[in-house]
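Residues per chain are reported as follows:
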Amino acid sequence: MDTNHSPIISPLTMRESARGITLTSIYDEMLARRELSVMGDIETPMAHDLCQQIRLLDATDPSRPITIFVASAGGSVRSGLAIYDAMRLASCPIRTVCLEFAASMGAVIFMGGDDRRMAPHAELMIHDPLIPQGAGGSALALQETSRRLMQTRKTLTQILSDRSGLTPKRIQSLTAKDTYLSAERAVELGFAHEILSTTKEVAHA
């Protein structure tokens, strides 16, 4: 277990009412606005929570969009695909916004959005799936690991191809190594639809 990561602390907002002052998690406030976050490592507990939140918001109002903010260096492929599936199975439109850096499965989740936007200085990074830590054993075990890894590669290639409009061959040429995409390059290749701009930038343009 990695103990070097600091826990994510949920900021609190203060509300005053006739019953006094109450403190509410900012994530509860975001949920009420149909805004969700994919921050940090993608793993089973966070994937389960996010899938439940997507299903809840979709059932509450299948016509109103959900916005998912993504800032993740990736993590579990299985957990990431669970989130991607929940996004694609939802009836309501889903917007994704890359705020900082979306890599590996973080980039795949970002690509799950119907409307994909990036902050001006945000980056995507895509690559082929990596060999699982601790993989080893007999020759047959290694053969099965290799088979599953290639199947995962095929699945992820098809997702990126379908969502970007690039051919699978082009995707595989990009994912053969760590490929970093600026916001401008991501839009050019079809990974993102738009770069966010601020009112200040527009006013001075």
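Residues numbered from 1 in each chain as written. Predicted model: local features only at pLDDT ≥ 70, side-chain atom pairs only at ≥ 80, totals over all residues. Heavy atoms only, no water.

1. Brief notes about the overall build of the protein
Counted only if it meets this: Starting at the N terminus, helices and strands are each numbered in turn, a helix being any DSSP run of H or I of at least four residues and a strand any DSSP run of E of at least two. Whether two residues touch is decided by their heavy atoms; if any such pair falls within 4.5 Å, the residues are in contact.
Counting its secondary structure elements, the protein contains eight helices and nine strands. Of all intrachain contacts in the protein linking residues separated by at least 6 positions in sequence, the fraction that spans at least 24 positions is 64%.

2. Focus on the side chain of R34
Here is the rule: We call a residue buried when its accessible area falls under 20% of the maximum for its residue type, exposed when it is over 50%, and partly exposed in between, using a 1.4 Å probe and counting protein chains only. Only four residue types enter the tally: Lys and Arg on the positive side, Asp and Glu on the negative side, with His and both chain ends excluded. We define a salt bridge as a side-chain nitrogen of Lys or Arg found within 4 Å of a carboxyl oxygen belonging to Asp or Glu. Pairs of N or O atoms are called polar contacts if they sit within 3.5 Å, as long as, within protein, a hydrogen donor faces a hydrogen acceptor (for residues adjacent in sequence, only side-chain-to-side-chain pairs).
Along the polypeptide, R34 turns up in the loop between helix 1 (26-32) and strand 3 (35-39). For the buried R34, no salt bridge is present, and the opposite-charge side chain at shortest range is D61, 5.5 Å distant. A distance of 2.9 Å separates a polar side-chain atom of R34 from the backbone oxygen of D61. Once residues within four sequence positions are removed from consideration, R34 is found in contact with L57, D58, T60, D61, R64, P65, I66, T67 and C92.

3. Quick word on helix 2 (residues 44-60)
Test applied: To estimate the expected span of a helix, count its residues, drop one, and scale the result by 1.5 Å. Starting at the helix axis, one direction is taken to each C-beta atom, and the arc is that of these directions.
When the terminal C-alpha atoms of helix 2 are compared, their 24 Å separation across 17 residues agrees well with the 24 Å that a helix rising 1.5 Å per residue should span. Among the residues of helix 2, those classed as buried are M46, A47, L50, C51, I54, L57 and D58. Projected down its long axis, helix 2 shows its buried positions confined to an angular sector of 135 degrees, all on one face. In helix 2, those exposed residues whose orientation departs by more than 90 degrees from the buried face are T44, P45, A59 and T60. On its buried face, helix 2 sits against helix 1, strand 3, strand 4 (66-72), helix 3 (77-89) and strand 5 (94-103).

4. What to know about the confidence of the model for the protein
Applicable threshold: Confidence of the predictor at the level of single residues is given by pLDDT, which spans 0 to 100.
Scored by pLDDT, the protein comes out at a mean of 87, with 80% of its residues at no less than 70. Here residues 1-8 is a poorly scored stretch, pLDDT under 50, and it has three contacts once near neighbours within four places are set aside; other chains count. Note on residues 201-205: pLDDT under 50 across the span, and one contact to partners over four residues away in sequence or across chains.

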